[in-house]
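In case you want the letters, here they are:
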Amino acid sequence: AQQQQAAVLLQSRVRMWLARKQKEATLQGIARLQALWRGHAVRMKDGRPKAEARRRLHAAAVAGARNPHRTIGARVREGLAQLMARKDPAQLSQAISAMELGTHYSRACCEIIAAEGGVSGLMRLIRVLNRSKPHLDLLMGVLNVLNSICRHPSLVPAVFCAEDCICVLTERLQFFRDQEDVFMSAIAVLRQLLEYPGHALEVARMPNIIKQWEGIAQIILRKIDMEQKYIARLEGQKGSDYSAKEATRKVICGAKQLEALQSMISLVMAEANAHHVEVVHHNTLPFGCHQALPTGSVNLSQPPPLPEPSWVPKNTLVRYTLRDIQIRQQEQQLAALAAAAAAEEEEYQCLGA
């Protein structure tokens, strides 16, 4: 009986040991299978884009070696030659597009334009552009090229020292103050130029530029005041949907322009105060304005105030319109940030490949 009990105990122990070994082998197999699947999924998700990027880079390198004239550097040089030779803006659309693409992706293209006098050519082109749709598209392309060049600090002096650069950009602010895209792009270029050491101090010594900035600020401030009064009348008269949307859009657009201009003015004023430079203000009203502004004159020491951020229209229609425009602007900003992040990621993958 004792031998039988010992045999049963021994058999149970062996069966338990075999079951445990089988369970461990099964778990190890499952873990191995999961690891293989995760590795396959990662390679499918991350490896394929990189392999595709390598393939496209190799194909582009082969195509560039076979056709040197199709590289972005060659296209930028060709566009620059057309810019310096041709006077008709209608013939420069493709040239500006090539320069915009090249300067966006390549520092070498920015250096080519800065070294070969392209910035002066761009300034001469800006002077002759008008408000027509083709010219507005061309002007946006030129401003994008200048923005791309100014991203590189070593090239900023080449833009600042170009032919009447600050004067030309300030004139465009005055001429296209009703075009938000053009105005904000020009402000972005000026802002990058002023952030370079010493440039803001030089602008502080330009009384005509300061006078024009003050005039633009006064006009925009008057525009905001007029649109807010118009919205107040709409609230009392239950105005149309389209009128409410357009008036609200103009108020928000003017506030953004005024804020950007105020930031630029504050930068110049801070630099002037740091170096004890006296800034001459011109508090006269702009041409065509015969009444004093309700908020007082605008100068560099007291930048024009923005509309109250807590302003809430009484009319439900106007309030909903204001909310929709603000949401749309936030979506546009997020989309621009996402596009910039995607472009940086693509450039990083290309460089890593």
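Reference entry: report on the structure contained in this document. Remember, predicted model here, so these are calculated numbers, not experimental data.

**Some words on the overall build of the protein chain**
- Counting its secondary structure elements, the protein chain contains 13 helices and zero strands.
- Secondary structure elements in the protein chain, listed N-terminal to C-terminal, are α-α-α-α-α-α-α-α-α-α-α-α-α.
- Within the span of the protein chain, comprising 353 residues, buried residues form 34% of the whole.
- Considering only contacts within the protein chain whose residues lie at least 6 apart along the sequence, 75% involve residues at least 24 apart.
- Summed over all atoms, the accessible surface of the protein chain reaches about 21300 Å², with 55% contributed by carbon and sulfur.

**Some remarks on helix α4 (residues 107-115)**
- Among all positions in α4, only Cys109, Cys110, Ile112, Ile113 and Ala114 are buried.
- Among the structural elements, α2 (72-85), α3 (93-105), α5 (118-128), α6 (133-150) and α7 (156-160) are those in contact with the buried residues of α4.
- Between the side-chain oxygen of the N-cap and the backbone nitrogen of Ala108 there are 3.2 Å, and the N-cap of α4 in question is Ser106.
- Positive phi appears at Gly117, one or two residues downstream of α4, with a value of about 75°.

**Focus: the packing of aromatic side chains**
- Applying the stated criterion to the full structure yields one aromatic pair.
- Residue placement shows Arg131 over the ring face of Phe175; its charged tip is 4.4 Å from the ring centre.
- Sitting over the face of the ring of Phe176, Arg131 holds its NZ or CZ atom 5.7 Å from the ring centroid.

**Thoughts on the packing of α5 against α6**
- Running from N to C, α5 and α6 point in directions that differ by 150°, and their axes come no closer than 10 Å. Put simply, α5 runs roughly antiparallel to α6. For the pair α5 and α6, the sense of crossing is left-handed. Listed contacts from α6 to Val119, Leu122, Met123, Leu125, Ile126 and Val128 of α5 are His135, Leu138, Leu139, Val142, Val145, Leu146 and Ile149.
- Here the residues of the contact of α5 with α6 are counted per class, giving twelve nonpolar, one polar and no charged.

**Things to note about the nonpolar core**
- Grouped together as the largest cluster of nonpolar side chains are 67 residues, with contacts concentrated most on Leu146, Leu173, Leu193 and Trp213.
- Broken down by element, this core gets its largest block of residues, nine residues, from α6.
- The residues contacting Leu193, other than those within four sequence positions of it, are Cys150, Val156, Val159, Phe160, Cys165, Ile166, Leu169 and His199.

**As for the packing of α6 against helix α9 (residues 180-194)**
- It is at 9 Å that the axes of α6 and α9 come closest, and there the two elements cross at 20°. Taken together, the axes of α6 and α9 are roughly parallel relative to one another. Between α6 and α9 the crossing geometry is left-handed. Along the contact surface, α6 presents Leu136, Leu139, Met140, Leu143, Leu146, Asn147 and Cys150, while α9 presents Asp181, Val182, Ser185, Ala186, Ala188, Val189, Gln192 and Leu193.
- When the residues that make up the contact of α6 with α9 are grouped by side-chain class, the tally is eleven nonpolar, three polar and one charged.

**What about the pattern of salt bridges?**
- Counted by the stated rule, this structure contains ten salt bridges.
- Salt-bridge contacts for Arg131 lead to Asp178; the nearest nitrogen and oxygen are separated by 3.0 Å. Of the two residues, Arg131 sits in the loop between α5 and α6 while Asp178 sits in the loop between α8 (165-175) and α9, which places them 47 residues apart along the sequence.
- Overall, the relative accessible area of 43% leaves Asp178 in the partly exposed class.
- In this structure, Lys229 engages Asp225 in a salt bridge whose closest nitrogen and oxygen atoms are separated by 3.3 Å. Highlighted residues: Lys229 and Asp225, both in helix α11 (residues 207-237), separated by four residues, approximately one helical turn.

**Section: the side chain of Glu227**
- With respect to the helices and strands, the residue Glu227 is situated in helix α11.
- Here Glu227 sits buried without a salt bridge, and the closest side chain of opposite charge, Lys250, lies 4.1 Å off (N-O distance).

**Structural notes on a nonpolar patch on the surface**
- A contiguous nonpolar surface patch, about 420 Å² in accessible area, is contributed by Leu10, Val14, Trp17 and Leu18.
- On the secondary structure map, Val14 appears in helix α1 (residues 2-66).

**Focus on the state of the cysteines**
- Under the definition given, this model contains zero disulfides.
- Free cysteine: Cys110, not disulfide-bonded; nearest cysteine sulfur from Cys109 at 7.0 Å.
- Take Cys167: it sits in no disulfide, and the sulfur closest to it among the cysteines is that of Cys165, at 9.0 Å.
- For Cys167, a relative accessible area of 31% puts it in the partly exposed group.

Cut-offs used in this document
Counting from 1, residues in each chain are numbered in the order their sequence is written. Where local features are concerned, this predicted model is filtered to residues with pLDDT of at least 70; where side-chain atom pairs are given and counted, the filter is 80 or more; whole-chain, interface and lining totals use all residues. For the side-chain quantities, the full set of heavy atoms in the structure was used; hydrogens and water were omitted. Only DSSP runs of H or I reaching four residues or more are called helices, and only runs of E reaching two or more are called strands; each is numbered from the N terminus. Accessible area is worked out with a 1.4 Å probe on protein chains only. A residue is then buried under 20% of its type maximum, exposed over 50%, and partly exposed in between. Working rule for contacts: check all heavy atoms of both residues, and any pair within 4.5 Å makes them a contact. Surface accessibility follows the Shrake-Rupley procedure with a 1.4 Å probe radius. Residue values consider only the protein chains on display as shielding. Here a polar contact is recorded for every N or O atom pair within 3.5 Å, except that within protein the pair must consist of a potential hydrogen donor and a potential acceptor, and residues adjacent in sequence are included only if both atoms are side-chain atoms. The criterion for an aromatic pair is that two Phe, Tyr or Trp rings (for Trp, the six-membered ring) have centres within 6.5 Å, with stacked assigned to planes under 30 degrees apart, edge-to-face to planes over 60 apart and tilted to the rest. Two conditions define a charge located above a ring, namely a distance within 6 Å from the ring centre to NZ of Lys or CZ of Arg, and an angle within 35 degrees of the ring normal. A fitted line through C-alpha atoms serves as each axis, taken over the contacting stretch for helices, and the angle formed by two N-to-C directions is quoted from 0 to 180°. Oblique is the label for any angle not under 35 degrees, not over 145, and not in the 65 to 115 range, which are roughly parallel, roughly antiparallel and roughly perpendicular in turn. Here a crossing is taken to be left-handed if its near helix is turned anticlockwise relative to the far helix by less than a right angle, and right-handed if that turn runs clockwise. Basically, the charged four are Asp, Glu, Lys and Arg, the nonpolar ten are Ala, Val, Leu, Ile, Met, Phe, Trp, Tyr, Cys and Pro, and anything else, Gly included, counts as polar. Here the nonpolar core consists of buried residues drawn from Ala, Val, Leu, Ile, Met, Phe, Trp, Tyr and Cys, with membership extended through side-chain atoms lying within 4.5 Å. By convention in these notes, a salt bridge is any Lys or Arg side-chain nitrogen within 4 Å of a carboxyl oxygen on Asp or Glu. Charge counting treats Lys and Arg as positive and Asp and Glu as negative, with His and both chain ends excluded. Like-charged residues within 9 Å of one another, or nonpolar side chains (Val, Leu, Ile, Met, Phe, Trp, Tyr) within 5 Å, are grouped into patches, provided each residue has over 30% relative accessible area and no salt bridge. The criterion for a disulfide is a pair of cysteine sulfur atoms lying within 2.5 Å.

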